[in-house]
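Spelled out from the first residue to the last, the chains are:
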Amino acid sequence: MPRKDPLRNFRFRLEIEGVQQAGFSEVSGFDVTVDPIDYREGTDPTHVRKLTGLTKYGNITLKWGVTDSLELHNWHRQIVNGDIQRKNIAIIVVNEAGEDKARFEIVEAWPSKYDPPT
């Protein structure tokens, strides 16, 4: 008999400071970019060398979530009020059987946008 689980589509779990807070069906923004810098000293040949520049991380977006906790809302409200609280979070990928398959640790995160359901 097929599994009848209403939370089955929520394949990503969110943990804040080690405590599970929500489930999401879509996560994006795990991109990292390292800017290249052209560099050449006066005694170098007529070509430039590439050095690594600034590292930029994308904004992680969690969509279509469900939770019974106000932790995300309260955390965002603190940010809006000027109390910047950076926290360590984890996004865990869950398979069809509900087992953890991958874990992404994000250090010193903070919510930049919170769009609750209507």
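Just above sits the structure.
Each value, and the rule that gives it
- Residues numbered from 1 in each chain as written.
- Predicted model: local features only at pLDDT ≥ 70, side-chain atom pairs only at ≥ 80, totals over all residues.
- Heavy atoms only, no water.
- Salt bridge = Lys/Arg side-chain N within 4 Å of Asp/Glu carboxyl O.
- Helix = DSSP H or I, 4+ residues; strand = E, 2+ residues; numbered from the N terminus.
- Buried < 20%, exposed > 50% of the residue type's maximum accessible area, 1.4 Å probe, protein only.
- Patch = residues over 30% accessible without salt bridge, like charges linked within 9 Å, V, L, I, M, F, W, Y side chains within 5 Å.
- Areas by Shrake-Rupley, 256 points an atom, 1.4 Å probe, with all protein chains shown as cover.
- 1 Å grid on protein atoms, 1.4 Å probe; cavity = no way out; pocket = protein on both sides within 12 Å on 5 of 7 lines; lining within 4 Å.
- Points joined across faces, edges and corners; volume = space filled by probe spheres on them.
- Nonpolar A, V, L, I, M, F, W, Y, C, P; charged D, E, K, R; others polar.

## A word on the pattern of salt bridges
Note that side chains of opposite charge can pair when their charged atoms are close. The final tally for this structure, using the stated rule, is nine salt bridges. One salt bridge connects Glu71 with Lys87, and the closest N-O pair in it is separated by 3.0 Å. Note that Glu71 is positioned in helix α1 (residues 71-80) and Lys87 in strand β6 (residues 87-94), a separation of 16 residues in sequence. Glu71 sits in the partly exposed class, given a relative accessible area of 26%. Taken together, the shared-partner salt bridges in this structure form one network comprising Arg13, Glu15, Asp100, Arg103 and Glu105.

## Quick notes on a nonpolar patch on the surface
Among the surface-exposed residues, Phe30, Ile60 and Phe104 lie close enough to one another that they form a single nonpolar patch of about 240 Å² accessible area. Within the secondary structure layout, Phe30 lies in the loop between β2 (19-28) and β3 (32-39).

## A look at the layout of surface pockets
Once rolled over the atoms, a probe with the size of a water molecule shows which space is left empty. Within this model, the largest pocket holds a volume of roughly 1400 Å³. Residue lining of the largest pocket: 38 residues in total, with Ile60, Thr61, Leu62, Pro111 and Lys113 positioned closest to the centre. Broken down by secondary-structure element, the contributors of at least two residues to the lining of the largest pocket are β2, β5 (61-66), α1 and β7 (100-109). Here the element with the most residues in the lining of the largest pocket is β5; it accounts for six residues. Split by residue class, the lining of the largest pocket holds 22 nonpolar, nine polar and seven charged.

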